[in-house]
Amino acid sequence: MMYPVIRKLQQKRVVLASASPRRQEILSQAGLRFEVVPSRFKEKLNKASFPTPHAYAIETAKQKALDVARRMHQKDLRAPDIIIGADTIVTIEGLILEKPVDKQDAYRMLSRWVLVAACQGPAPPQSPGWGRDRVLGIRASPPAHPPRLNGKEHSVFTGVAIIHCFSQDGQLDVEISQFYEETVVMFSQLSEELLWEYIHSGEPMDKAGGYGIQALGGMLVESIHGDFLNVVGFPLNHFCKKLAELYFPLGAVGLQPVKHDSIPTVDTFENLSEEEGAGLDDGGAQAQGTQDTGHDRTAKNLPPFPTGLLELISGFQASKALFTACKLKVFDLLQREAPLKAVDIASKIATSERGTGRLLDVCVALGLLQQTERGYSNSDLAALYLLSDGEFSLRGFIELNDKHTWAAFTHLESAIREGSSRDHRAVGDKAGGLLQDSCPGRDARLCFMRAKHGLAKLTARQVATALDLSRFSSACHLGGCTGALALELAREYPRLKVTVFDLPEVIEHVTCFQSSGPHTEQVSFVPGDFFKDSLPEADLYVLSGILHDWPDKKVHRLLSRISGSCKPGGGLLVAEVALDEDPRAARPGLLRSLSRLLQTQGGERSLAKSRQLLQLHGFTDVQVARTRDVLTVVLGTRPAT
């Protein structure tokens, strides 16, 4: 009953409004062909305004799908035929449980679930840019005893919205079908040891409710009642039934064709009996009706509209627009004086009104600015990441890409032909080869450091909490640059003393990036070259974003030096972008590896290769954890004598 419905959608342009790899896998395995266009809908709906948790999930799914429909129609003047939106939540005793922000949060969710009251207005991010409110209730007041997930039944709801899009006279029209699925899950009574073992695996970090039933989280589950795939992230069975209701309703005989070209009714499909196994049920009941053969031929002759490919072809234009807006300090200006009209912005940044207006409109379309009748202002995204003095500013990373990476990629063809960049000078024995080759001079060096600092601020907490490092009392971060990760390690482990070991020309500028506050006294800076100078003594050595800059020969040399300095029982923590076996999942690492071809002699390595490197240099008992971004954290330990 299910499969023919999926098969009959192959000629339709279907879009999944979700970046969830689990939803993509479920639908792909069912045979559905679709594009992925992640929604930009900000999930800030007031949960207390919904009568039930599933009503909240359905509305969120609908808004995700509608956001994609509007964006694609605005861009192409033609929306896809079908857009699928989904939102999965975990509830217990009427409370909606979201994704944990760190390990302690995951522990609270999985063991005792402390209720957090809803804040008035947006709360500052606990972790930059990722996660949502942890526990927000449908009820107006908290229960007398905070709910415990451990040993209790809870419900997993997935709301699904199926948006049928029609474009007529340049206007977007939609029809919405929506449903929800509930699965009841019972957790076992779990020991502290087992619970923490699961949390340290890193798996709870990107899962609603703090667990994933399809992987290690299955060990927590005693029983389920309902659809297993619903708990994974998408209720495939209910979805197929809903499609059958829409396209093959019972008694649908002699239906007249609908005039919307993009969404045919049942009679525009071929007779199901033409394909083997296409009967709707064992009794052979089939949908009948007249066929619009001319329409069917047209649908077959037209290929799916290549939205993703077109965006890929012109993607550099969006990047350059962002780079230019940052260089002109548009976001800094609007943070001080917004809202402003285009003419006023042009006057203040000394540009033309015509060109400025077009740039501002592009920034609105990219979600970087907001526009009202009063003028332009920063979006939340820009206010968080695009201000020069923002705590989580990515301006340094943007400047590095604009000034150096952009220019390097103009030589990509010759680098592909020759195996390395024609203009790339051979990296010598100094640890700062990349720094000195790509960014010579003080200003360029500071640009490089700002880029490293901005990225480290985004990922430091995830690296610091990915694995349990509490047994170490001292650490040395080799190539630690501004000390952002070192400070996060100190915050997470108050007993830990951390030394940042980097080139003298880097250490002399670290004061530009330091902030006063607790735990700074735990961090010290020592100048030196990790290829030549003696390494500071430490129980734990840390390499974050370092190994990918170097070819295997240099990596072996560095790891050999660390191994020789590491005491028995000591460890080596490596955080890198690991190449995934699935090329689509490995995309971030593969693109970075291409960049290394142009700028260094290194490249990204697979997780198996990273594990092998550590073991080859005497670091056994290798543990691995994936963070919520693209980094993989690997910890190897020297055997105790």
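Residues numbered from 1 in each chain as written. Predicted model: local features only at pLDDT ≥ 70, side-chain atom pairs only at ≥ 80, totals over all residues. Heavy atoms only, no water.

Observations concerning the overall build of the chain
Here is step 1 of the chain: Helix and strand content of the chain: 23 helices and 17 strands.
Here is step 2 of the chain: The 641 residues of the chain split such that 51% are buried.
Here is step 3 of the chain: Put simply, of all contacts in the chain between residues at least 6 apart along the chain, 71% involve residues at least 24 apart.
Here is step 4 of the chain: Carbon and sulfur atoms provide 52% of the accessible area of the chain, an area that totals close to 30300 Å². (Helix = DSSP H or I, 4+ residues; strand = E, 2+ residues; numbered from the N terminus. Buried < 20%, exposed > 50% of the residue type's maximum accessible area, 1.4 Å probe, protein only. Contact = heavy atoms within 4.5 Å. Areas by Shrake-Rupley, 256 points an atom, 1.4 Å probe, with all protein chains shown as cover.)

Quick look at the packing of aromatic side chains
Here is step 1 of the chain: One pass over the structure, following the stated rule, counts 5 aromatic pairs.
Here is step 2 of the chain: Geometrically, the ring pair formed by Phe 157 and Tyr 180 is tilted, given 6.0 Å between the ring centres and 50 degrees between the ring planes. One end of the pair, Phe 157, is in strand β6 (residues 153-168); the other, Tyr 180, is in strand β7 (residues 171-187), with 23 residues separating them in the sequence.
Here is step 3 of the chain: Between the aromatic rings of Phe 530 and Phe 531, the centroid separation amounts to 5.2 Å while the plane-to-plane angle is 65 degrees, which identifies the pairing as edge-to-face. Judged on exposure class, the residue Phe 530 and its partner Phe 531 are both buried.
Here is step 4 of the chain: If you follow Lys 320 out to its NZ or CZ, it ends over the ring of Trp 406, 4.7 Å from the centre. (Phe/Tyr/Trp six-rings, centres within 6.5 Å; stacked < 30°, edge-to-face > 60°. Lys NZ or Arg CZ within 6 Å of the ring centre and 35° of its normal.)

Section: helix α21 (residues 552-565)
Here is step 1 of the chain: End to end, α21 covers 20 Å across 14 residues, agreeing with the expected 20 Å (1.5 Å per residue, within 8%).
Here is step 2 of the chain: Within α21, the full set of buried residues consists of Lys 554, Val 555, Leu 558, Leu 559, Ile 562 and Ser 563.
Here is step 3 of the chain: Buried residues belonging to α21 abut β11 (474-478), β14 (540-544), β15 (571-577) and α23 (607-616). (Expected span 1.5 Å × (residues − 1).)

Remarks on the pattern of salt bridges
Side-chain pairing between opposite charges can occur once the charged atoms of the two side chains come close.
Here is step 1 of the chain: Tallied over the entire structure, the rule returns 15 salt bridges.
Here is step 2 of the chain: Between Asp 402 and Lys 320 there is a salt bridge, with its nearest N and O atoms 2.7 Å apart. Of the two residues, Asp 402 sits in helix α15 (residues 395-409) while Lys 320 sits in helix α10 (residues 315-327), which places them 82 residues apart along the sequence.
Here is step 3 of the chain: Judged by relative accessible area, which is 30%, Lys 320 ranks as partly exposed.
Here is step 4 of the chain: Of the charged contacts in the structure, one is a salt bridge between Lys 457 and Glu 391, with a shortest N-O distance of 3.9 Å. Note that Lys 457 is positioned in helix α18 (residues 442-465) and Glu 391 in the loop between α14 (380-385) and α15, a separation of 66 residues in sequence.
Here is step 5 of the chain: In this structure Lys 457 comes out as partly exposed when scored by relative accessible area, which is 24%.
Here is step 6 of the chain: One connected set of salt bridges, linked through shared partners, spans Arg 461, Glu 488, Arg 491 and Glu 492. (Salt bridge = Lys/Arg side-chain N within 4 Å of Asp/Glu carboxyl O.)

What to know about the packing of helix α12 (residues 342-349) against helix α13 (residues 353-365)
Here is step 1 of the chain: Put simply, α12 and α13 touch, their axes get as near as 9 Å, and they point 115 degrees apart. When the axis of α12 is compared with that of α13, the two are roughly perpendicular. At the point where α12 passes α13, the crossing takes the right-handed sense. Between α12 and α13, the residues in contact are Ala 342, Val 343, Ile 345 and Ala 346 and Glu 353, Thr 356, Gly 357 and Leu 360, respectively.
Here is step 2 of the chain: Residues of the contact of α12 with α13, tallied by class, amount to 5 nonpolar, 2 polar and 1 charged. (Axes fitted to C-alpha atoms, helices over the stretch in contact; angles between N-to-C directions. Parallel < 35°, antiparallel > 145°, perpendicular 65-115°, else oblique. Left-handed = near helix turned anticlockwise from the far one by under 90°. Nonpolar A, V, L, I, M, F, W, Y, C, P; charged D, E, K, R; others polar.)

Some remarks on the confidence of the model for the chain
A low pLDDT score tells you not to read the predicted coordinates there in detail.
Here is step 1 of the chain: With 72% of its residues at a pLDDT of 70 or more, the chain shows a mean pLDDT of 75.
Here is step 2 of the chain: In this model residues 424-439 is a low-confidence stretch, pLDDT under 50, and it forms 51 contacts with partners more than four residues away in sequence or in other chains. (pLDDT = per-residue confidence, 0-100.)

Considerations on unusual backbone geometry
Here is step 1 of the chain: Geometrically, the link from Ala 338 to Pro 339 is a cis peptide bond, its omega value of 0 degrees lying close to zero.
Here is step 2 of the chain: Residue position: Pro 339 is located in the loop between α11 (330-337) and α12.
Here is step 3 of the chain: Residues other than glycine seldom take positive phi values, yet Ala 350 does so here, at roughly 60 degrees.
Here is step 4 of the chain: Inspection of the secondary structure assignment puts Ala 350 in the loop between α12 and α13.
Here is step 5 of the chain: Residue classification places Ala 350 among the exposed positions, given a relative accessible area of 71%.

A look at the nonpolar core
Within soluble globular proteins, side chains that are nonpolar generally end up buried alongside one another.
Here is step 1 of the chain: Counting residues in hydrophobic clusters, the biggest one holds 36 residues, and the most contacted among them are Leu 27, Leu 32, Ile 84, Phe 234, Phe 239 and Leu 243.
Here is step 2 of the chain: It is helix α7 (residues 236-247) that contributes the most residues to this core, 6 residues altogether.
Here is step 3 of the chain: Those residues in contact with Ile 84, other than ones at most four positions away along the chain, are Val 14, Val 15, Leu 16, Ala 17, Leu 32, Ala 65, Val 160, Ala 161, Phe 234 and Phe 239.
Here is step 4 of the chain: Formed by 27 residues, the second largest nonpolar core is a distinct cluster that contains Ala 490, Val 523, Ala 575 and Leu 631. (Core = buried A, V, L, I, M, F, W, Y, C linked by side-chain atoms within 4.5 Å.)

Thoughts on a nonpolar patch on the surface
Here is step 1 of the chain: On the surface, Leu 309, Leu 310, Leu 312 and Ile 313 cluster together to form a nonpolar patch covering roughly 390 Å² of accessible area.
Here is step 2 of the chain: Among the structural elements, Leu 309 can be located in helix α9 (residues 307-313).
Here is step 3 of the chain: Of the residues examined, Leu 309 reaches a relative accessible area of 49% and is grouped as partly exposed. (Patch = residues over 30% accessible without salt bridge, like charges linked within 9 Å, V, L, I, M, F, W, Y side chains within 5 Å.)

So, the packing of α11 against α12
Here is step 1 of the chain: Closest axis-to-axis distance for the α11/α12 pair is 11 Å, and the angle between their directions is 115 degrees. Regarding α11 and α12, the two cross each other, and that crossing is right-handed. Here Val 330, Leu 333, Leu 334 and Glu 337 of α11 lie close against α12, whose contacting residues are Ile 345, Lys 348 and Ile 349.
Here is step 2 of the chain: For the contact of α11 with α12, a count of residues per class yields 5 nonpolar, no polar and 2 charged.

Some details on the environment of Pro 568
Here is step 1 of the chain: Assignment of secondary structure puts Pro 568 in the loop between α21 and β15.
Here is step 2 of the chain: Distance from Pro 568 to Pro 639, taken between C-alpha atoms, is 5.6 Å for residues 71 residues apart in sequence.
Here is step 3 of the chain: Once you skip the residues sitting within four places of it in the chain, Pro 568 turns out to touch Arg 638, Pro 639, Ala 640 and Thr 641.

Some thoughts on the sheet that holds strand β12 (residues 497-502)
Here is step 1 of the chain: With mixed pairing, 7 strands are arranged side by side in an open sheet as β13-β12-β11-β14-β15-β17-β16. This sheet does not close on itself; its edge strands, each paired only once, are β13 (523-527) and β16 (620-626). For this sheet, the mean angle separating the axes of adjacent strands, direction not counted, is 20 degrees.
Here is step 2 of the chain: Where β12 lies against β13, 5 bridges are found, and the strand directions are parallel. Paired with Val 500 across the strands is Phe 525, a residue of β13. (Pairing = 2+ DSSP bridges.)

Brief notes about the state of the cysteines
Here is step 1 of the chain: Following the criterion strictly, the structure yields 0 disulfides and no others.
Here is step 2 of the chain: Counting only cysteine sulfurs, Cys 363 is the nearest neighbor of Cys 326, a cysteine outside any disulfide, at a range of 8.2 Å. (Disulfide = S-S within 2.5 Å.)

Remarks on the environment of Val 498
Here is step 1 of the chain: Structurally, Val 498 is set in strand β12.
Here is step 2 of the chain: Relative accessible area serves as the criterion here: at 1%, Val 498 is assigned to the buried category.
Here is step 3 of the chain: Taking the C-alpha atoms as reference points, Val 498 and Leu 540, 42 residues apart in sequence, are found 9.2 Å from one another.
Here is step 4 of the chain: Ignoring sequence-local partners within four residues, the contact set of Val 498 consists of Ala 475, Ala 486, Leu 489, Ala 490, Gln 522, Val 523 and Ser 524.

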